[in-house]
Structures are given as C-alpha cells and as structure tokens.
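Coordinate inspection notes
One-letter residues, chain by chain:
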Amino acid sequence: MRGRQLNRWLACLLTLAAVGSATACGAEREAIGRPGDDRRAPAPEQRKAEEQAAGKAALAAYSGYLDASRTASRRSDPHHPELSRFLADPLLTRVRVAIREAKEHGALRTGTLRSAPTVTSVDLAADPPTVEIQDCLDATGYRLVYARTNRVVPGTGGTRHLATATATRYPDGRWLISAGAGHQDQPC
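Residue indices follow the written sequence of each chain, beginning from 1 at its first position. pLDDT decides what is reported in this predicted model: residues at 70 or higher carry local features, side-chain atom pairs at 80 or more are listed and counted, and totals for whole chains, interfaces and linings draw on all residues regardless. Heavy atoms from the whole structure form the basis of all side-chain values; hydrogens and water molecules are not counted.

Thoughts on the overall build of the protein chain
Of the regular secondary structure elements, the protein chain holds four helices and five strands. Residues counted as buried form 31% of the 188 residues belonging to the protein chain. Intrachain contacts of the protein chain at a sequence separation of at least 6 include 56% that bridge at least 24 residues. Methods summary: accessible areas were calculated by the Shrake-Rupley approach with a probe of 1.4 Å, and residue burial reflects only the protein chains presented. About 12200 Å² of surface is accessible on the protein chain, with carbon and sulfur atoms providing 52% of the total. In this description a helix means any DSSP run of H or I spanning at least four residues, a strand means any run of E spanning at least two, and both kinds are numbered starting from the N terminus. Exposure is judged per residue with a 1.4 Å probe applied to protein chains only, and the accessible area is read against the type maximum: over 50% gives exposed, under 20% gives buried, and values in between give partly exposed. Here, residues are in contact when the closest pair of their heavy atoms is within 4.5 Å.

Points about the state of the cysteines
Sulfur atoms of two cysteines make up a disulfide when they are within 2.5 Å. For the structure on display, the rule yields one disulfide. A sulfur-sulfur separation of 1.9 Å characterises the disulfide bridge that pairs Cys136 with Cys188. Residues Cys136 and Cys188 are joined through a disulfide that is right-handed, its torsion about the S-S bond being 90°. Placement of the pair is Cys136 in strand β3 (residues 130–146) and Cys188 in the segment after β5 (175–187), with a sequence separation of 52 residues.

A closer look at the packing of helix α2 (residues 44–75) against helix α4 (residues 91–104)
A pair of packed helices is characterised by two quantities: the angle between their axes and the separation of those axes. The geometry of α2 relative to α4 is characterised by a closest axis approach of 10 Å and an angle of 25° between their N-to-C directions. Here α2 is positioned roughly parallel relative to α4, judged by the angle of their axes. Taken as a pair, α2 and α4 cross one another with a handedness that is right-handed. Facing α2, whose interface residues are Tyr65, Ser69, Ala72 and Ser73, α4 presents Leu91, Val95 and Ile99. Considering only residue class, the contact of α2 with α4 consists of five nonpolar, two polar and no charged. For helices, the fitted axis covers only the stretch in contact; all axes are lines through C-alpha atoms, and the angles between them, taken along N-to-C directions, range from 0 to 180 degrees. Working definition: roughly parallel below 35 degrees, roughly antiparallel above 145 degrees, roughly perpendicular at 65 to 115 degrees, and oblique for all remaining angles. Helix crossings fall into two classes, left-handed where the near helix is turned counterclockwise from the far one by less than a right angle and right-handed where it is turned clockwise. When residues are sorted by character, Ala, Val, Leu, Ile, Met, Phe, Trp, Tyr, Cys and Pro go into the nonpolar class, Asp, Glu, Lys and Arg into the charged class, and all the rest, Gly among them, into the polar class.

Description of the pairing of β3
Strands qualify as paired when DSSP identifies two bridges or more between them. The sheet contact formed by strand β1 (residues 107–114) and β3 spans seven bridges and is antiparallel. Considered in β3, the bridge of Arg109 is made with Leu144. Pairing analysis gives five bridges linking strand β2 (residues 118–123) to β3, with the strands arranged antiparallel. Residue pairing for β3: Asp123 is matched across the bridge by Thr130. Pairing of β3 with strand β4 (residues 160–169) involves nine bridges; the strand directions are antiparallel. The residue of β4 that forms the bridge with Asp135 is Ala163.

Looking at α2
Within an α-helix, residues lying three or four positions from one another point in the same direction, as the helix has 3.6 residues per turn. Its 32 residues give α2 an end-to-end C-alpha distance of 46 Å, which sits within 8% of 46 Å, the value for a rise of 1.5 Å per residue. Directly beyond the C-terminal end of α2, a positive phi value near 55° is found at Ser76. Expected span of a helix: the number of residues minus one, times 1.5 Å.

Observations regarding the side chain of Ser69
Tracing the chain through its elements places Ser69 in helix α2. Residue Ser69 is classed as buried on the basis of its relative accessible area of 12%. Apart from residues no more than four positions distant in its own chain, Ser69 is found in contact with Leu83, Val95, Ile99 and Tyr142.

Structure representation (structure tokens):
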C-alpha cells in the first residue's frame with residue numbers, strides 16, 4: 001500500500017512539473033496516466049485564429065486558381081504550371097479537359113472575369129481539413145471566342161452567377177482548390 005501511495009505522489013509531482021497546475025493532483029487522481037489526457041481542444045480564441053488563417057489561405061488559393069485558369073485559357077494551355085500550384089483533382093482534371101476541348105475546337109477565353117469570394121465554412125477537424133467558398137462570378141465580360149476570328153462562340157455568353165468551391169489542406173500544408181461548380185441557374 002505504501003508503494004502505491006508513493007507512486008501516486010511521484011506521478012502527481014511529475015504532472016505538476018510538466019503541466020504547472022495544482023489541479024492535477026486533487027480529485028482527478030484517476031486521470032493521471034490515461035493516454036490522451038494532455039491533448040486539449042484549442043482555446044476559442046486560438047481556434048478562431050486558426051479558422052481565420054485557414055480561410056485566408058483558402059481564399060488565396062481560390063484567387064490563384066482563377067488567375068491560373070484565366071491565363072491557361074487565354075493561352076489554350078491545359079498544362080500551364082500554375083494550374084497544379086492552386087488546383088487538385090478532381091477539379092484540376094476538369095479544368096484541363098475544358099481548356100483542351102476549347103483548344104481542339106479552335107477557341108479560347110478572353111476578357112475579364114470578376115470575382116467576389118467569401119468563406120462560408122471552415123472545418124479544421126475534417127480529414128483532410130476543408131474550407132467552403134462561395135463566389136459571385138461576373139463573367140459578362142469573359143467570353144469564349146474563336147482564336148482565328150475573335151468571334152464569340154455561339155451559346156457561350158457570360159452571366160453573373162453563383163459559384164462554389166472547396167479548398168482542401170494537403171499533408172504538405174498547402175491549400176488547394178479540389179472541387180468547384182458554377183451555378184449558372186442562380187444569378188447573383
């Protein structure tokens with residue numbers, strides 16, 4: 001019995017030294033030694049700061065995606081290196097296929113695409129962590145034209161519509177846009 005009390009006292013002392021809290025020794029003696037007790041949820045302020053940082057990084061990736069896809073579309077280059085810097089599959093493949101198909105038909109995108117994205121949700125507990133983005137894309141000045149004539153491809157007039165995207169944090173820490181959709185039936 002005496003050895004058990006000594007072990008508890010040593011465990012309590014070690015916990016105090018490591019954690020720096022006197023509450024580690026009172027009524028919570030049973031918790032000493034259980035795995036996972038040292039993992040604590042971040043403070044609300046820390047969690048909010050982490051979510052804001054994730055949202056900011058996701059919006060930067062989204063902006064990079066739009067810039068890279070505009071450049072790649074203007075050049076008819078489905079393998080433009082900036083695409084893989086900001087996009088991940090399955091969206092990366094979809095964007096490359098769309099650019100390649102336009103190129104095969106002698107078309108490319110020109111003009112201005114305006115964007116006003118906002119973060120709608122952040123889920124850092126997901127595996128992998130994700131950020132959902134909503135945007136009002138103004139594609140009224142962004143046209144698909146035939147490269148030779150610079151004439152607008154019939155049926156491809158731009159609109160102002162809702163777009164959504166998902167940014168995913170990859171193991172290397174990068175936030176990449178992995179999913180996206182234009183909701184042309186939902187004007188904004």
